[in-house]
Amino acid sequence: MSRTASAAKSGPMTAQPASTNKTRINVIYYSMYGHIAKMAKSVVKGVEAAGAEVRLIQIPETLSQEVLTKMHAPEKDKSVPTITFGAAGENTITAEDALTNCDGILLGFPTRFGGMPAQVKALWDSTGGLWMKGGLVGKPISVFFSTGTQGGGQETTTLTSLTDFIHHGMIIVPIGYTCPLQSNMGEIHGGSAYGAGTYAGADGARQPTELELQVAEHQGTYFTQVATALKIGRAALPPKEANPPDPKQDAGQTKPDRPPSAKK
């Protein structure tokens, strides 16, 4: 059975949106040595298997070419659009476009001492304006990751990233144990209930295995099912109930008087 077929059958499918109004998922990733880039492409297959439109987008590098050369980092895939913090140009996309013009985000990155690498943190540190206007409130997000070793922080990398998503009011979608392959004890593999994962090895020589890529594809499918269900459900609600609250409108409302006990 192909990876696409196994991913498509890995869980109950939700109702699919009309073809003219497909769910759009952005798969956003940062990859220094190519492990996460490879995982991201499998995630894309899973998203497509669930019937959604998908954009593959990479987070820009912050290290100089001199440093990257010394680290023996390969060149980035120039065919994949890169986020820019300025105006969009050729093969670039603004951070706001990447984060807001979609129905859900699948975010992939390697660990740095059990947390987000600086390149990914720079993206989220730039989202103050989006936070002020509630631009990401209610948007589903899921994470996939890589570490050098089994004890390298696969789960802590996810846990320490949650603060950014929580402050934005996003909906965090873990995969739990929805994929039987996660319980495979016959071979060493990355990933957990938090998301798909891979091990790069201490020297970066290990590449994602077939099992790890299948779990990544499953995550793309499962997440898209959840995002699609949210999209359909919100479309069925009256506009006022479907949209997140407007912070400015709330600020302009008269605050109710405090109860007598609170005035002491």
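You'll find the structure just up there.
Reference entry: report on the structure contained in this document. Since we're looking at a predicted model, the values are computed, not measured.

Re the pattern of salt bridges
Tallying each qualifying case throughout the model produces eleven salt bridges. The closest approach of N and O atoms between Arg55 and Asp97, which form a salt bridge, is 3.3 Å. You can see Arg55 sitting in strand 2 (residues 53-58) and its partner Asp97 sitting in helix 4 (residues 95-100), a full 42 residues away along the chain. Here the salt bridges do not stand alone but share partners, grouping Lys121, Asp125 and Asp164 into one network.

Structural notes on the packing of aromatic side chains
Summed over all chains, the structure comprises one aromatic pair. Measuring from ring centre to ring centre gives 5.2 Å for Trp124 and Phe165, while their planes differ by 65°; the resulting arrangement is edge-to-face. Of this pair, Trp124 sits in helix 5 (residues 118-125) while Phe165 sits in helix 7 (residues 154-167), and the two are 41 residues apart along the sequence. By relative accessible area, which is 0% here, Phe165 ends up buried.

Concerning the pairing of strand 6 (residues 140-147)
Remember that side chains alternate between the two faces of the sheet whenever the strand is regular. Most of strand 6 is tucked away: eight of the eight residues are buried. Side chains Pro140, Ser142, Phe144 and Ser146 project from strand 6 onto one buried face, and the interleaved Ile141, Val143, Phe145 and Thr147 project onto a second face that is buried too. Here strand 5 (residues 104-110) pairs with strand 6 via six bridges, running parallel. Looking at strand 6, one finds that Phe109 is bridged to Phe145. Relative to strand 7 (residues 171-172), strand 6 runs parallel, the two being bridged by two bridges. The partner of Ile141 across the bridge, within strand 7, is Ile172. Where strand 6 meets strand 8 (residues 197-199), three bridges bridge the pair, whose relative direction is parallel. Residue pairing for strand 8: Ser146 is matched across the bridge by Thr198.

Parameters at a glance
Residues numbered from 1 in each chain as written. Predicted model: local features only at pLDDT ≥ 70, side-chain atom pairs only at ≥ 80, totals over all residues. Heavy atoms only, no water. Salt bridge = Lys/Arg side-chain N within 4 Å of Asp/Glu carboxyl O. Helix = DSSP H or I, 4+ residues; strand = E, 2+ residues; numbered from the N terminus. Phe/Tyr/Trp six-rings, centres within 6.5 Å; stacked < 30°, edge-to-face > 60°. Buried < 20%, exposed > 50% of the residue type's maximum accessible area, 1.4 Å probe, protein only. Pairing = 2+ DSSP bridges.

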